[in-house]
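Here is what each chain is made of, one letter per residue.
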Amino acid sequence: MKNKHMQQAIDISLQKMEENCGGPFGAVIIKDGEIIARGWNQVTSTNDPTAHAEMVAIRTACKHLHSFQLEGCEIYTSCYPCPMCLGAIYWARPDKVYYANTAKDAAHIGFDDAFIYEEIKRPPAQRKIPFQQIMREEAFRVFKAWQEKEDKLEY
């Protein structure tokens, strides 16, 4: 069954790449043995740099489940997730992730995430895109209000 689900992710990646939807990436999310979401790279077709296959599939699955978490789900992705997708996967908390191509395979065809991992290690002031902190005190009041909010839905 695992190979069947992975083949579906791979098939989506090929089909949508050939349709010029975006890069060669596909993902499916499974719950109770059934596909509840499909995703493919839509970066160039939607002008959305966050529209990676895993992100699209996670958004679709969460809408389907009426939940912001994917407990009881498995993600099958045609390639090891980029840093953004990896972060989203951890926030979504699926039970397991299966991947086909490696990050090194992706780098060989021009999708290299190594620079992001290097940037993350650097202090914000030393990154290629400058990061500058401003108005912390004002923003921190909102965090304090969240901390004191009695009816919050924690995640």
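Residues numbered from 1 in each chain as written. Predicted model: local features only at pLDDT ≥ 70, side-chain atom pairs only at ≥ 80, totals over all residues. Heavy atoms only, no water.

(A) How the structure looks around a nonpolar patch on the surface. Judged by side-chain polarity, Tyr-80, Tyr-99, Phe-115, Ile-116, Tyr-117 and Ile-120 come together as a nonpolar surface patch covering roughly 580 Å² of accessible area. It is helix 6 (residues 114–121) that contributes the most residues to the nonpolar patch, four residues altogether. Considering the arrangement of structural elements, one finds Tyr-99 in strand 4 (residues 96–101). Owing to a relative accessible area of 43%, Tyr-99 belongs among the partly exposed residues under this scheme. (Patch = residues over 30% accessible without salt bridge, like charges linked within 9 Å, V, L, I, M, F, W, Y side chains within 5 Å. Areas by Shrake-Rupley, 256 points an atom, 1.4 Å probe, with all protein chains shown as cover. Salt bridge = Lys/Arg side-chain N within 4 Å of Asp/Glu carboxyl O. Helix = DSSP H or I, 4+ residues; strand = E, 2+ residues; numbered from the N terminus. Buried < 20%, exposed > 50% of the residue type's maximum accessible area, 1.4 Å probe, protein only.)

(B) Fine view of helix 3 (residues 53–65). Across its 13 residues, helix 3 extends 18 Å between first and last C-alpha, which sits within 8% of the 18 Å expected from 1.5 Å per residue. Of all the residues in helix 3, the buried ones are Ala-53, Glu-54, Met-55, Val-56, Ala-57, Ile-58, Ala-61 and Cys-62. Lining the buried residues of helix 3 we find strand 1 (26–31), strand 2 (34–40), strand 3 (73–79) and helix 4 (83–92). Immediately beyond the C-terminal end of helix 3, within one or two residues, lies His-66, with a positive phi of roughly 55°. (Expected span 1.5 Å × (residues − 1). Contact = heavy atoms within 4.5 Å.)

(C) Local environment of the packing of aromatic side chains. One pass over the structure, following the stated rule, counts five aromatic pairs. Between Phe-25 and Phe-111, the aromatic rings sit 4.9 Å apart at their centres with planes inclined by 90°, giving edge-to-face as the arrangement. Pair noted here: Phe-25 is in the loop between helix 1 (2–18) and strand 1 and Phe-111 is in the loop between helix 5 (103–108) and helix 6, with a separation of 86 residues, a long-range link. Residue class for Phe-25 comes out buried when judged on its relative accessible area of 14%. Ring geometry for Tyr-80 and Tyr-99: centres 5.0 Å apart, planes at 80°, overall edge-to-face. (Phe/Tyr/Trp six-rings, centres within 6.5 Å; stacked < 30°, edge-to-face > 60°.)

(D) The state of the cysteines, seen in detail. Scanning the entire structure with this criterion turns up zero disulfides. Looking at the unpaired Cys-73, the closest cysteine sulfur is the one in Cys-62, lying at 8.0 Å. The thiol of Cys-85 is unpaired, and the distance to the nearest cysteine sulfur, on Cys-82, comes to 3.7 Å. Cys-85 gets classed as buried once you look at its relative accessible area, which sits at 0%. (Disulfide = S-S within 2.5 Å.)

(E) Molecular detail of the packing of helix 3 against helix 4. Interhelical geometry of helix 3 versus helix 4 gives an angle of 25° and a closest axis separation of 9 Å. The angle between the axes of helix 3 and helix 4 places the two elements in the roughly parallel class. Handedness of the helix 3/helix 4 crossing: left-handed. Between helix 3 and helix 4, the residues in contact are Glu-54, Met-55 and Ile-58 and Met-84, Cys-85, Ala-88, Ile-89 and Ala-92, respectively. (Axes fitted to C-alpha atoms, helices over the stretch in contact; angles between N-to-C directions. Parallel < 35°, antiparallel > 145°, perpendicular 65-115°, else oblique. Left-handed = near helix turned anticlockwise from the far one by under 90°.)

(F) Quick look at the pattern of salt bridges. Considering all chains together, one arrives at five salt bridges under this definition. The partner of Asp-151 in a salt bridge is Lys-149, with the nearest N and O atoms 2.7 Å apart. By relative accessible area, Asp-151 is classed as exposed at 60%.

(G) Region of the structure containing the nonpolar core. Ranked by size, the top nonpolar core spans 21 residues in total, and within it Ile-29, Ile-36, Ile-58, Ala-61, Leu-70 and Ile-75 carry the most contacts. Mapped by element, the contributors of at least two residues to this core are strand 1, strand 2, helix 3, strand 3 and helix 4. If you tally residues by element for this core, the top one is helix 3, at six residues. When residues no more than four places from it in sequence are discounted, the contact partners of Ile-29 are Glu-34, Ile-35, Ile-36, Ala-37, Ala-57, Ile-58, Ala-61, Leu-70, Cys-73, Glu-74 and Ile-75. Of all hydrophobic cores here, the second largest spans seven residues; its members include Met-6, Val-28, Ile-30 and Tyr-76. (Core = buried A, V, L, I, M, F, W, Y, C linked by side-chain atoms within 4.5 Å.)

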